[in-house]
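# Coordinate inspection notes
Here is what each chain is made of, one letter per residue.
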Amino acid sequence: MAQKVLVYLLRRDLRVADNPIFHEISKLASFIRDSSKKSPYREARSEVGKFWRCGPHRASFVAQSVWDLKTDLEEKGSGLILRAGTVVDVLEDLLTEYKAKEKEAQVVAVWMTEEEGVEEKDEENTARRAAEKQGIDFQLWTDEKYYIHDKDVPFDNPRNYPDVFTAYRKSVEPLRDAPRRTHPTPKSLPALPSFVPPQKEPFVMSDTYDEVETALLKPLKEKPDLENMCPFPQGAKSASPFKGGSKEGQKRIQHLIGSGSMTKYKDTRNGLLGLDFSTKLSAWLALGCITARQVHFQLLDFEDGRNDQYKGTEGYGKGENKGTAAVRFELLWRDYMRLCTRKFGPRLFRIEGFRDDPSYPWKYPKNNPGVKEMLDRFLRGTTGAGFIDASQRELFHTGYTSNRARQNVASYLAKHLGIAWKFGAEWYESQLMDYDLSNNWGNWQYVSGVGNDPRGEARIFNPVKQAFDYDHQGDYVKTWVEELKDVTEPQEIFQPWKIDPERRKELGLEGNIMLEKPLKKIDFRVNKQNSSGSGGRYGGSSRGGGRGRKKNESYSVVHRNKKNEGQNQQDKSGKAAQVNGHK
Ligand SMILES: Cc1cc2nc3c(=O)[nH]c(=O)nc-3n(C[C@H](O)[C@H](O)[C@H](O)COP(=O)(O)OP(=O)(O)OC[C@H]3O[C@@H](n4cnc5c(N)ncnc54)[C@H](O)[C@@H]3O)c2cc1C
């Protein structure tokens, strides 16, 4: 009798535990090597910036995660077949090959998990058509991506999902009681079929991790997005040097709880340097190596005193604390971003955003050498705004930059430079190790004023004020912008164009473009009443009660004003640039 074959196409569900498909299966894909033949596919480039869709940091993290899953599956008596090609090409090829061997093996079903996003939906539809064309059952599974299961939200239609996060949060609170239980980890899984069709030409598969990773990185190294980028600074360390795979993700959760970092999270989450100021769980979550509710249930065991491993940790057995509550709050943001992708569909990628507002006078580099140069300097971190440059270099070299830095970078590109925000979102898609469709595009929209931030265009981050608030002595900026390492005054680290000519000479900074020609002189002065914004189109500094603000300090805030560009407006409420709260 022919062996029955089930094809499970893995997407962002790279784990065995809390996986509905492996859970179901338990009750009952070597990689691309160079080939002399030409690839049938175009390079995967972004739409407006033409950046690689997946840069080197994420490519490695994905390879590690896939390999980790492969070993987990092998330990459970099963395995993973890796294939190069688009989902539909690979699937059609597999189905055709199996059809030719009908007597030995017969494909009875194709399963995959459902994703949000336009391309993802197209992929699902083409896979469905390919399976159904051959009369094979096709099933889409809901993966446990959500902290609170999407079927448990009190809205029957995505159209009714609230446009503001707070309204959504209130509809699902209390957060601690909301998640569904995790699926058990299968003890064993069925073996791979005895016949597995070979990889189709022109690709060749390798069965070693190193070859897989090398092949993935090869084109990215041959044609880097940025030539002649500054080198990795001496002494700098990645804030997220972790490896892909669910085992590493689980280890990280345990470390965060056991070390007390989860408990401290609320106070540390705006940090910039070091490993534990925030959870750094994002990359594992993005690929489905871990699930949000796995995080929740481990926190619950800690809070309820059910896991002796955490016995010595402050807060053990004392219920939810402000740190663990804040982590749940962020995981809910993640859910919310995904639900917005479902609600708004293709609007996630439109320059007009969820708000459908076409009135912003976005600048584009095409046929505009000035904007082209600005964009290039933004990408490589030579704008002259210390905080922005540090973050951009950190991102390029490590694939990670903190949430605080991301907000400033996005605000700088969209609101201070007025450059079309999609260039920034695409750059993040390329460079971030933790790239997540909904989190990335949704947050770019939010900060750029076209998404679901109720304060929209009124919220402008002043990167100089933010640097004072969150990088008090300039350690973060000096770590990543090596040229500034000998500058001692935070004022000059954050606004290096203020270094006087004499000092420039002493510091070897004469002729440095960041000092000589900053893209924007965003002003901010400490301890000065009514310091004036330096103006320009979208203006300068901010008023507001961000952390670290001293008594009697007052800052001016400048709004981007679509109708009356260039006119600086003092914020009446004193809240426009306030940076506490979530964003
Ligand atoms: C412009 C911009 C782009 C972003 N792009 C991404 C992205 O591609 N992928 C991504 O995972 N996050 C993105 N974020 C959200 C956030 O910056 C990262 O999730 C966070 O910095 C990751 O570090 P962490 O895991 O230590 O986060 P923590 O502070 O420890 O938060 C815990 C988890 O909550 C979720 N989370 C935290 N903040 C947010 C948020 N603002 N929105 C949605 N979920 C959140 C993440 O899954 C995160 O791992 C972006 C934010 C901005 C402003």
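See the structure shown above.
Heads up: these notes are all about the structure in this document. Predicted model, so just to flag it, every value in this text is computed and none were measured.

## Quick notes on the overall build of the chain
Each helix and strand counted, the chain has 21 helices and five strands in total. With 583 residues in all, the chain has 56% of them scored as buried.

## Topic: the sheet that holds strand 1 (residues 3-9)
Picture the strands of a sheet paired through backbone hydrogen bonds; they go either parallel or antiparallel. Read across the sheet, three strands follow the order 1-3-4 without closing on themselves; strand pairing throughout is parallel. Each edge of the sheet is formed by a strand with only one pairing partner; in this case those strands are strand 1 and strand 4 (137-141). Sheet twist, expressed as the mean angle between neighbouring strand axes with direction ignored, is 25°. Relative to strand 4, strand 3 (residues 105-113) runs parallel, the two sharing five bridges. When the bridges of strand 4 are listed, valine 110 appears paired with phenylalanine 138. Docked against the sheet, helix 3 (residues 87-100) engages strand 1 and strand 3, running at close to 160° with respect to strand 3. Where helix 4 (residues 118-133) meets the sheet, its contacts fall on strand 1, strand 3 and strand 4, and the angle it forms with strand 4 comes to roughly 155°.

## Here's the deal with the site of the ligand
Taken together, 27 residues form the shell around the ligand, and within it Tyr265, Ser278, Thr279, Lys280 and Asn403 come nearest. Between the ligand and the protein, one listed contact pairs an oxygen atom with a side-chain N or O atom of asparagine 439 at 3.1 Å. In isolation the ligand offers 820 Å² of accessible surface; the protein chains occlude 99% of this area. Those elements giving two or more residues to the shell around the ligand turn out to be helix 9 (282-287), helix 11 (322-344), helix 14 (403-416) and helix 16 (437-448). Of the residues that constitute the shell around the ligand, the class distribution is 11 nonpolar, nine polar and seven charged. Taken domain by domain, the makeup of the shell around the ligand includes at least three residues from each of domain 2 (246-345) and domain 3 (350-583).

## Details of the environment of glutamate 248
Mapped onto the elements of the fold, glutamate 248 is located in helix 7 (residues 246-258). Given the relative accessible area of 29%, glutamate 248 is considered partly exposed. Along the backbone, glutamate 248 and tryptophan 284 are 36 residues apart, and their C-alpha atoms lie at a distance of 8.6 Å. Ignoring anything within four residues of it in the chain, the contact list for glutamate 248 reads Lys243 and Trp284.

## Section: the pairing of strand 3
For strand 3, the tally of buried residues reaches seven of nine residues, placing the bulk of the element in the interior. Across seven bridges, the pairing between strand 1 and strand 3 is parallel. When the sheet's bridge partners are listed, leucine 9 is paired in strand 3 with methionine 112. Handedness of the crossover joining strand 3 and strand 4 through helix 4: right-handed.

## Some details on unusual backbone geometry
Keep in mind that most residues, glycine aside, have a negative phi and that most peptide bonds are trans. The omega torsion of the bond from glutamate 173 to proline 174 falls at 0°, within 30 degrees of zero and hence cis. Mapped onto the elements of the fold, proline 174 is located in the loop between helix 5 (165-172) and strand 5 (204-205). In this structure, asparagine 367 takes a positive phi of about 60° despite not being glycine. By the secondary structure assignment, asparagine 367 is in the loop between helix 11 and helix 12 (369-380).

## What to know about the packing of aromatic side chains
Overall, the coordinates contain 27 aromatic pairs when judged by the stated rule. Residues tyrosine 98 and phenylalanine 195 carry aromatic rings whose centres are separated by 5.4 Å and whose planes lie at 85° to one another, so their mutual orientation is edge-to-face. Residue tyrosine 98 is found in helix 3, and its partner phenylalanine 195 is found in the loop between helix 5 and strand 5; the two are separated by 97 residues along the sequence. Aromatic rings pair up to connect Phe165, Tyr168, Phe329, Trp333, Tyr336 and Tyr446 into one cluster. Sitting above the plane of the tryptophan 67 ring, lysine 70 keeps its charged end 5.4 Å from the centroid. One cation-aromatic arrangement involves arginine 181 over phenylalanine 297; the distance from NZ or CZ to the ring centre is 4.5 Å.

## Remarks on the environment of arginine 347
Relative to the assigned elements, arginine 347 resides in the loop between helix 11 and helix 12. Given the relative accessible area of 26%, arginine 347 is considered partly exposed. Not counting the four nearest positions on each side in its chain, arginine 347 is found in contact with Gly353, Phe354, Asp356 and Gln445.

## A short note on the side chain of asparagine 270
Examined against the element boundaries, asparagine 270 turns out to sit in the loop between helix 8 (261-268) and helix 9. Using a relative accessible area of 12% as the deciding quantity, one classes asparagine 270 as buried. Of note is the side chain of asparagine 270, whose polar atom sits 3.0 Å from the side chain of arginine 404.

Criteria and cut-off values
Residues numbered from 1 in each chain as written. Predicted model: local features only at pLDDT ≥ 70, side-chain atom pairs only at ≥ 80, totals over all residues. Heavy atoms only, no water. Helix = DSSP H or I, 4+ residues; strand = E, 2+ residues; numbered from the N terminus. Buried < 20%, exposed > 50% of the residue type's maximum accessible area, 1.4 Å probe, protein only. Pairing = 2+ DSSP bridges. Axes fitted to C-alpha atoms, helices over the stretch in contact; angles between N-to-C directions. Contact = heavy atoms within 4.5 Å. Near = heavy atom within 4 Å. Polar contact = N/O pair within 3.5 Å; in protein donor to acceptor, adjacent residues only side chain to side chain. Areas by Shrake-Rupley, 256 points an atom, 1.4 Å probe, with all protein chains shown as cover. Nonpolar A, V, L, I, M, F, W, Y, C, P; charged D, E, K, R; others polar. Domains from an automatic or database assignment. Right-handed = clockwise from strand over helix to strand, strands pointing away. Phe/Tyr/Trp six-rings, centres within 6.5 Å; stacked < 30°, edge-to-face > 60°. Lys NZ or Arg CZ within 6 Å of the ring centre and 35° of its normal.

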